[in-house]
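Chain by chain, the residues:
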Number of protein chains: 2
Amino acid sequence: MPGLGETLRIAVAGLGTVGLGTLQLLRKDSEVIASRCGCRIEVTAVCARDRSKDRGMDLSPFKWFDDPVVMASESDADVVVEMIGGSDGPARATVEAALGSGKHVVTANKALIAHHGTTLGRLAEERDLNLGYEAAVAGGIPIIKTLREGLAANRITRVYGILNGTSNYILTSMRETGRDFAEVLAEAQALGYAEVDPSFDIDGVDAAHKLSILTALAFGSEVDFDSVHIEGIRDVSALDIAFADELGYRIKLLGIANLTDGGIEQRVHPTLVAKDAPIAAVEGVFNAVVAEGDFVGSIMTEGQGAGAGPTASAVVADLIDIARGLKCPTFAIPASSLERGRMVPMERHVSCHYLRLHVQDLPGVIADVAAVLRDERISVESILQHGRGEAEGASVPVVITTHETSQAAMTKALEKIAAFDTVLEPPRMIRIEAL
Amino acid sequence: MPGLGETLRIAVAGLGTVGLGTLQLLRKDSEVIASRCGCRIEVTAVCARDRSKDRGMDLSPFKWFDDPVVMASESDADVVVEMIGGSDGPARATVEAALGSGKHVVTANKALIAHHGTTLGRLAEERDLNLGYEAAVAGGIPIIKTLREGLAANRITRVYGILNGTSNYILTSMRETGRDFAEVLAEAQALGYAEVDPSFDIDGVDAAHKLSILTALAFGSEVDFDSVHIEGIRDVSALDIAFADELGYRIKLLGIANLTDGGIEQRVHPTLVAKDAPIAAVEGVFNAVVAEGDFVGSIMTEGQGAGAGPTASAVVADLIDIARGLKCPTFAIPASSLERGRMVPMERHVSCHYLRLHVQDLPGVIADVAAVLRDERISVESILQHGRGEAEGASVPVVITTHETSQAAMTKALEKIAAFDTVLEPPRMIRIEAL
């Protein structure tokens, strides 16, 4: 680490919104950062695809590189900040080149850490280098530091959160306006809250990247993105949101990792949460993460999960850690000690469920459905049906909530229910999480 | 710091609830803690007033000391954990002796840090020792680490929070049941949520201790407890809570430190906060702290602010920092660089206000009050009066909310209003905070 009065040299790979935000932060708050670090943090090199593009910022003080891997290997930087994105390709090559040439790495790249976190953590630790990824999860919320250090005295039993602002914005807007998914998505795209191709966000992949990182930190397991059960929000309807409200719930896209007797569950899915749970009140583009530990109880942190400012705040916090000489195991314990194979398959997951059916309004239909549930030993908590169909045999929605049951039993029951002629649409199932 | 396979030795001074909780945590979670530290954390010495007391725990593995100062100086510990309490006397002497003999210190003692934090921070830093005090503020919430490290890239503009669980429990219960302060306090005492002598909690002193620590961390100023403006919750009535609700607010006891053009304000007082502000939803004994930074925006963390488990979680997090060799300036910048004299007096504070008067129901009374406000250039936002007195001249409550005005003008206006014969009780003023 640099001594007092010296300089920590930074090379920035990728000059998108977050890369530029980081440059702006380091310039605007340089004095206060220097007083906190005992040294200056100075950008010496930058790299992006197009040198000629106008970025509204004078880049002439920095040495320009066309190739991030060359910059990572050959620049005089102490730290390479990777903002290229993507789990492989140039991002991965840049991070490997930086670590390989003895440079610390700070990245905002959740896909990279979700897919290669264990390997990169080992590489960094073998060479006694920092691999900072605070910005990869929940933007400005310092949840990596909180889990790795602030709550390090606890056995974590569950960690869950609203990890994707786009999805939370859409669900919030659907509830507030009563409109359906497609319409609200189109609006979110027009407002810039959703991408032109929104699938990473609304199909739960982005949240799953982040969840797999939190799981490793919380439970000391290898980062295992492939084991995450993923469901997005495309199938959540205005009707479901209204029924949930009537039953005392909000619908949130949660990423949840919890320790069961059989192992670790990692799942991203729309979830019914009680209205009075703190996370139910987290609305719009905000993110929130809850960690539950054996001594600390439940700690929730809420804040902006994306955007140039919050993400730059997290990137530079990692740089300040490096400047201060703070070094922790990448995932709270040494990467070489992370355990493998502790994940349990989703069939074993047990929870209460919300089912919504469209059935023909005929005598005996509910009895048939109830019999299927009984045969699978699924215990019903409540049945909700409003009014009647307009004519005998017309379609009416019926909502059933169940007591705790396994995913395996529920899957079988849903197959049988879907096969009834009197059930007019595929049944919709949403899990209820006890918080 | 101890190397791999070695041991960090701890001496614990004070075996009350939190001291015992810390011993229990270190025993129960010793394996996971060792895997995170790369070394064992082992208690080697303890000290309390009464050796013969049954604490439900076998203390024979630990060397017993009758005098904490002797333990701090002469034991073989690497770290002294101070849980004695009190801003001076044996707590202070123990911490000074520990630092003086080259031992790190971890303390849960907010009064000690509020009164002597700057001096003790200097002493620790001169000797290259850690002075950990995560447990002194907001129990299990890792707000010290969050401000010192997680948000270190930001200029903090305001930090505020619900810093006293007893007061928040009382205010929550008053709102939920409509009962008045004295009755709810008596119930809280019976339930163990309030002390037999509750004054430190309900008069705002405990919150002010914590706030003064947050201020130093957030703004790089010396810890300055004496400059905190303190008002407690004794005068908050059920009537005020009901009127606040009608106006769209909750009443919370907040500790607020903010940066103004003139300097730093530090204040603890009952506060009207908009119902849809995240902190308005923090109920019961829970604590929450919000930090606002120039890049991160607003980050709120909520959790248990007291109790053996959460406090032990924070104490041991500081121990793990020491075991990992993590060392930061005590208050984010070196204690010798903390600035003095940046506090602004409360007369200069500007905010919107809620006023509640009991006036005689006679023509002209409101006009007289309004004239006083006009003379002090205080602009009225709303006036609320329900129904009429039972007879002409009977007492009716009137609530006035104002636009932004200085504390100085408000104090003058309140003196004049109180002097009217038609104003039957001293006017009640509560500040409204824009969140």
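Small disclaimer: the values here were computed from a predicted structure and weren't measured. Residue indices begin from 1 for each chain and proceed along its sequence in written order. Chain letters start at A and ligand numbers start at 1, both assigned in the order the entries are written. Local features in this predicted model are restricted to residues whose pLDDT is 70 or higher, and side-chain atom pairs enter the listing and the counts only when it is 80 or higher, whereas totals over whole chains, interfaces and linings include all residues.

J.: Break down the interface of chain A and chain B for me, with residues and values.
T.: Reports often express the size of an interface as the amount of accessible area lost when the parts come together. Throughout, a pair of residues is in contact if the C-beta atoms placed from their backbones lie within 7 Å. Counting residues at the interface gives 47 residues for chain A and 47 residues for chain B. Sorting the residues of the side of chain A that touches chain B by element identifies helix H2 (30-37), helix H6 (143-150), strand E12 (297-304) and helix H12 (308-323) of chain A as the ones contributing at least two each. Looking at side-chain class alone, the side of chain A that touches chain B contains 23 nonpolar, 15 polar and 9 charged residues. Two strands pair when backbone bridges link them, and E12 of chain A and strand E12 (residues 297-304) of chain B are joined in this way by 3 bridges, in the antiparallel orientation. A run of H or I in DSSP counts as a helix once it spans at least four residues, and a run of E counts as a strand once it spans at least two, with each numbered from the N terminus. The classification used treats Ala, Val, Leu, Ile, Met, Phe, Trp, Tyr, Cys and Pro as nonpolar, Asp, Glu, Lys and Arg as charged, and all other residues, Gly among them, as polar. In short, DSSP must find at least two bridges between two strands for them to pair.

J.: Before we move on, could you go through the relation of the copies chain A and chain B and cite the residues and values that matter?
T.: We superpose the copies by least squares over the C-alpha atoms of residues that have a pLDDT of at least 70 in both of them. Once chain A is rotated about the relating axis by 180° and shifted along it by 0.0 Å, it coincides with chain B to within an RMSD of 0.1 Å. Overall, the copies show the geometry of a two-fold rotation axis. For chain A, the smallest separation between a C-alpha atom and the rotation axis is recorded for Thr 301 of chain A, amounting to 2.1 Å. A shared interface surface links the copies, since 100% of the contact residues of chain A are contact residues in chain B too.

J.: Lay out the packing of H6 of chain A against helix H10 (residues 205-219) of chain A with the relevant residues and their values.
T.: The packing of two helices is summarised by the inter-axis angle and the distance between the axes. All names here are of chain A. Axis definition: a line fitted to C-alpha atoms, limited for helices to the stretch in contact. Angles are taken between N-to-C directions and run from 0 to 180 degrees. In contact at an axis separation of 9 Å, H6 and H10 are set at 15° when each is read in the N-to-C sense. Considering the angle they form, H6 stands roughly parallel to H10. As for how H6 packs across H10, the hand of that crossing is left-handed. Across the interface between the two elements, Ile 144, Leu 147 and Arg 148 of H6 pack against Leu 214, Leu 217 and Ala 218 of H10. Of the residues assigned to the contact of H6 with H10, the class counts are 5 nonpolar, no polar and 1 charged. Relative orientations are named as follows: roughly parallel for angles under 35 degrees, roughly antiparallel for angles over 145 degrees, roughly perpendicular for angles from 65 to 115 degrees, and oblique for any other angle. Should the near helix be turned counterclockwise from the far one by less than a right angle, the crossing is left-handed, whereas a clockwise turn marks it as right-handed.

J.: Just give me the short version of the domain arrangement of chain A, but keep the residues and values in it.
T.: Residue and element names in this part refer to chain A. Segmentation of chain A into domains returns domain 1 (7-136), domain 2 (143-304) and domain 3 (349-432). Taking only C-alpha atoms, the centre of domain 1 and the centre of domain 2 are 28 Å apart. Each side of the interface is counted separately: domain 1 has 10 residues, and domain 2 has 10 residues. Tallied by class, residues from the side of domain 1 that touches domain 2 come to 5 nonpolar, 3 polar and 2 charged. An automatic or database domain assignment provides the domain bounds reported here.

J.: Give me the lowdown on helix H5 (residues 110-126) of chain B, citing residues and values where you can.
T.: All names here are of chain B. The bend reported for a residue corresponds to the angle between axes fitted to the seven residues ending at that residue and the seven starting there. Considering bend angle alone, the principal kink of H5 is centred on His 116 and spans about 85°. Most of H5 sits inside the fold, with 13 of its 17 residues counted as buried. Following H5 by one or two positions, Asp 128 adopts a phi angle in the positive range, close to 60°. Exposure in this text rests on C-beta crowding, where 20 or more other C-beta atoms within 10 Å of a residue's own make it buried, 12 or fewer make it exposed, and counts in between make it partly exposed. The C-beta atoms are placed from the backbone.

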